[in-house]
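A look at the structure
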Amino acid sequence: MITEAFILLAIIYVALMLFFNKVHRKVISKGPPLICGYIPFVGIAVEYGMDPRAKIAQLSEKYGDIFTIYVMGQFITVVTNPVDVAKIYSSPKTFNFFEVGIEFGNRAFTLPRMDDQTNNTLIHDIHHGLQSQELPVLTERANTFIQRDFKNFRSKDWKKVNLVEWVGDIISSVTLRAVYGENCNFKEMAKTFFPFDDKFAIIASNIPFAVKKKTGLFDIRDSFATNFVPRPEDDACLFLHKRYDAFKGVKDLSSIQLGNAMSIIGWAALTNTITTTVWTIYHLLKQPQSVRDEVLDEIRDVLGERSDGGALEIPYEQLSNLKKVDAIVSESLRLHFGVLSSRMCMKKHNFESSSGRSYELPARGLMLLASSHHDPHFFKDPETFIWDRFLHMPSSVIAKNGKSIPLSSVYLPFGGGANLCPGRFFAKNEIKIMVCLLLTSFDMKVETEEEPETDKMKWTLQVGPFKEGNIEIRYKNKE
Ligand code: HEM
């Protein structure tokens, strides 16, 4: 019996290997160099998943600027040269972000595909809402909620908190109330966000739906989705109501799918903002007192002193004048942001790379565009946090081939081109408000002595969080 089972397994394995090699040969002919690994379906997922950034750097060293990796049943072309990245960002029809969203949206959130016109309208509404129409209101709400929450933190004596949990609580509750409305069920939403976010990469991976269902991954996602359908009394953003109306009209849509369609925005709003805030505060607190004083002086110059009642006025229009605070957030994003943004090559395409080579890219092939955040050619001393680096950064840089390229081709924390993250202004505003209130309210110190390590496994599409998730800080009211 055991021998038969063993023979059967061996046959399946050999069949898979033959199929795998056939696919392998087909893809490799005119395309970029292909790195498949030796395990059918899994490909190089294990070594890649351990530290995506290091793996990409290593493969780029060996195979050049463009190569294709095979990970969990999927071929992914990785583009590492910023000149090529800029070219891809500037051709959104050929290299499309929206289709990636549909594919990942479907894998992670099992969403129905809407018609193109509805989709375009929904994306337009999100971009318009977050970047202009509703941005002042969102920022004002965040300001009100953070100031309100801060009153509860006041302490005359030194108090210890876990920075990761503390920031996670504040940013999740503030962001969710700002976007989904003050009366939304933000406590439940936040409670279910963290387990979902922790498993997001695997939920969005190419592993079969049946496995995701069987292993409980979809249960985690569904409990996250449940609380996200906005009710009229919640006072959610306009673009969320429009999204709700569009999805509600889809025939046979389950309530979980409707929740998924609404929760995707909540996930996008929280996943990177929390980690960026944690890193920003951590790095700020690690700066010498002279730097912290310089930043505090800027805050006082721009916003003035606190009123007699202790409130700090933070007008929306003044946030863009906080250049030093902005520079610290930007440097945190540079140092800790993952590697990539993604695009789908829509049709078979001959890509002329900046190195003069031509590669055939397959239709509907997934592409990952690598940032150059750790390349010393663009960022001197790249592994060091230099708080004022972005105060002196030009808007264009010189590539290795001598060409001038926009800074946005090497510095990609919010992606690039037409799909540049629409939430970037809101995220930065929220973080700036936090920093202003922290520095003007409290004396603070980092208690944990070891350098916190980034969780490299989460370093693909997100800002890498702390590995151990425990950084203790001490604070008390300013004298
Ligand atoms: C520090 C915080 C954030 C970071 C680092 C970040 C990063 C990104 C990145 C890399 C993309 C992909 C863009 C591309 O590949 O070109 C993206 C897209 C997106 N982000 Fe953010 N994001 C942040 C905060 C937010 C917030 C607060 C919201 C909402 C309130 C948000 C909503 C979105 C949406 C809706 C998209 C999809 C845009 C589209 O389909 O065109 N993000 N973000």
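Right above here is the structure, for reference.
Residues numbered from 1 in each chain as written. Predicted model: local features only at pLDDT ≥ 70, side-chain atom pairs only at ≥ 80, totals over all residues. Heavy atoms only, no water.

**As for the coordination of the iron atom of the ligand**
Ideal values differ by geometry: the angle at a metal is 109.5 degrees with four tetrahedral donors, but 90 or 180 degrees with six octahedral donors. Among protein residues, the single donor to the iron atom of the ligand is Cys421 (SG), with a metal-donor distance of 2.3 Å. Along the polypeptide, cysteine 421 turns up in the loop between strand E11 (404–406) and helix H17 (424–441). (Donors = N, O, S within 2.8 Å, 3.2 Å for Na, K, Ca; no water. Helix = DSSP H or I, 4+ residues; strand = E, 2+ residues; numbered from the N terminus.)

**Section: helix H9 (residues 186–198)**
Its 13 residues give H9 an end-to-end C-alpha distance of 18 Å, which sits within 8% of 18 Å, the value for a rise of 1.5 Å per residue. Those residues of H9 that sit buried are Phe186, Met189, Ala190, Thr192, Phe193, Phe196 and Asp197. Where H9 is buried, its residues touch helix H5 (98–109), helix H8 (163–180), helix H10 (200–203), helix H12 (217–225) and helix H14 (255–286). (Expected span 1.5 Å × (residues − 1). Buried < 20%, exposed > 50% of the residue type's maximum accessible area, 1.4 Å probe, protein only. Contact = heavy atoms within 4.5 Å.)

**Brief notes about the site of the ligand**
Lining the immediate environment of the ligand, one finds 22 residues, of which His127, Arg343, Gly416, Asn419 and Cys421 sit closest. Histidine 127 is positioned such that a nitrogen or oxygen atom in its side chain is 2.7 Å from an oxygen atom of the ligand. Contact between the ligand and glycine 416: an oxygen atom at 3.0 Å from a main-chain N or O atom of the residue. Listing elements by their share of the shell around the ligand, those giving two or more residues are helix H6 (116–133), H14 and strand E6 (340–345). Considering each element in turn, the shell around the ligand owes the most residues, five residues, to H14. Grouping the constituent residues of the shell around the ligand by class yields 12 nonpolar, nine polar and one charged. (Near = heavy atom within 4 Å. Polar contact = N/O pair within 3.5 Å; in protein donor to acceptor, adjacent residues only side chain to side chain. Nonpolar A, V, L, I, M, F, W, Y, C, P; charged D, E, K, R; others polar.)

**Brief notes about the nonpolar core**
By size, the foremost hydrophobic cluster in this structure holds 103 residues, and its most contacted members are Phe150, Leu163, Trp166, Tyr180, Leu240 and Val295. Sort the elements by how many residues they give to this core and H14 lands first, with 14 residues. Phe67, Ile69, Val78 and Leu366 belong to the second largest nonpolar core, which has 17 residues in total. (Core = buried A, V, L, I, M, F, W, Y, C linked by side-chain atoms within 4.5 Å.)

**Quick notes on the environment of serine 263**
Turning to its location among the elements, serine 263 is positioned in helix H14. Along the primary structure serine 263 and leucine 122 are separated by 141 residues, whereas in three dimensions their C-alpha atoms are 15 Å apart. Residues contacting serine 263, with those up to four places away along its chain left out, are Phe109, Tyr180, Phe224, Ala225 and Phe228. In this structure the side chain of serine 263 is engaged in a polar contact, spanning 3.2 Å, whose partner is the backbone oxygen of asparagine 260.

**A few points about the sheet that holds strand E9 (residues 365–370)**
Working definition: the strands of a sheet are paired by backbone hydrogen bonds and lie parallel or antiparallel to each other. Taken together, six strands build an open sheet; the order of strands is E1-E2-E3-E9-E6-E4 and the sheet is mixed. A strand with exactly one partner marks an edge of an open sheet, and here the two such strands are strand E1 (34–35) and strand E4 (95–96). Contacting E1, strand E2 (66–71), strand E3 (74–79) and E6, helix H3 (residues 52–63) crosses the sheet at an angle of about 130 degrees to E2. (Pairing = 2+ DSSP bridges. Axes fitted to C-alpha atoms, helices over the stretch in contact; angles between N-to-C directions.)

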